[in-house]
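Here is what each chain is made of, one letter per residue.
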Amino acid sequence: QAHLVESGGGLVQSGGSLRLSCVRSGDSFSSSTMGWFRQTPGKEREFVAGITWTESTYYSEDVEGRFTISRDNANNTMYLQMDSLKSEDTAVYYCAVGRKYHATKTWDYIYWGQGTQVTVSS
């Protein structure tokens, strides 16, 4: 069973940048898809970005061109570089372990971190 811990959230002004990290322990990191999701109060958790075990990356339309997902298998860590942040990016961000190659739905992810808050002020 995997254990995930996110970090790097905080308060940033609109147009600024943040980098989130997700450290995974407990099982094989390099052999699964990993993803980032986000959630705001009263809304469903939504897909942000994913990276497969072959390091193919994919993004939601809302963040394409502004966010970059990457992984460091040697250190069991995944990152989300967020640039040109907007107030609508404000949310709790979660990392997760996927169980299929190109997963974008919450039900295709089996392990979740506790989340890290990102707040973008306008």
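Overview of the structure. (Residues numbered from 1 in each chain as written. Predicted model: local features only at pLDDT ≥ 70, side-chain atom pairs only at ≥ 80, totals over all residues. Heavy atoms only, no water.)

## Some thoughts on the pairing of strand β4 (residues 34-39)
When you tally the buried positions in β4, you get 5 out of 6 residues, the bulk of the element. In this sheet, strand β5 (residues 46-51) lies alongside β4 in antiparallel orientation, the contact comprising 5 bridges. Residue pairing for β5: Arg 38 is matched across the bridge by Glu 46. Counting the residues in the hairpin turn of β4 and β5 gives 6 residues, including Gly 42, whose phi is positive at 85°. (Buried < 20%, exposed > 50% of the residue type's maximum accessible area, 1.4 Å probe, protein only. Helix = DSSP H or I, 4+ residues; strand = E, 2+ residues; numbered from the N terminus. Pairing = 2+ DSSP bridges.)

## Some words on the pairing of strand β8 (residues 77-82)
Two faces, one strand: in a regular strand the side chains alternate between the faces of the sheet. Of all the 6 residues making up β8, 5 are buried; the element is thus mostly covered by neighbouring parts of the structure. As judged from the 6 bridges shared by strand β7 (residues 67-72) and β8, these two strands associate in the antiparallel manner. Bridge pairing in β8 links Ser 70 to Tyr 79. Taking the residues that link successive antiparallel strands as the turn, the β7-β8 hairpin has 4 residues, and the phi of Asn 76 there is positive, at about 50°.

## Here's the deal with the environment of Tyr 93
By the element assignment, Tyr 93 lies in strand β9 (residues 91-98). Accessibility expressed as a relative area gives 0% for Tyr 93, which makes it buried. For the pair Tyr 93 and Gly 115, spaced 22 residues apart in sequence, the C-alpha separation works out to 5.3 Å. Apart from residues no more than four positions distant in its own chain, Tyr 93 is found in contact with Glu 6, Leu 20, Trp 36, Phe 37, Arg 38, Val 48, Phe 67, Leu 80, Met 82, Gly 115, Thr 116 and Val 118. (Contact = heavy atoms within 4.5 Å.)

## Side note on the state of the cysteines
Here a disulfide denotes one covalent bond, and it connects the sulfur atoms of two cysteines. This model, assessed by the stated rule, comprises 1 disulfide. Here Cys 22 connects covalently by a disulfide to Cys 95, the sulfurs 2.1 Å from one another. Disulfide Cys 22-Cys 95: torsion about the S-S bond near 65°, hence right-handed. Here Cys 22 is found in strand β3 (residues 18-25), whereas its partner Cys 95 is found in strand β9, with 73 residues between them in sequence. Both residues of the pair, Cys 22 and Cys 95, belong to the buried class. (Disulfide = S-S within 2.5 Å.)

## Describing the sheet that holds β3
Reading across from one edge, β1-β3-β8-β7 is the order of the 4 strands in this open sheet, with antiparallel pairing throughout. Whereas interior strands pair on both sides, the edge strands pair on one side only; in this sheet they are β1 (3-7) and β7. Across this sheet, the average inter-strand angle for adjacent strands is 15°, counted without regard to direction. Inspection of the sheet shows β1 paired to β3 by 5 bridges, in the antiparallel sense. Among the inter-strand pairings, Leu 4 is bridged to a residue of β3, identified as Arg 24. (Axes fitted to C-alpha atoms, helices over the stretch in contact; angles between N-to-C directions.)

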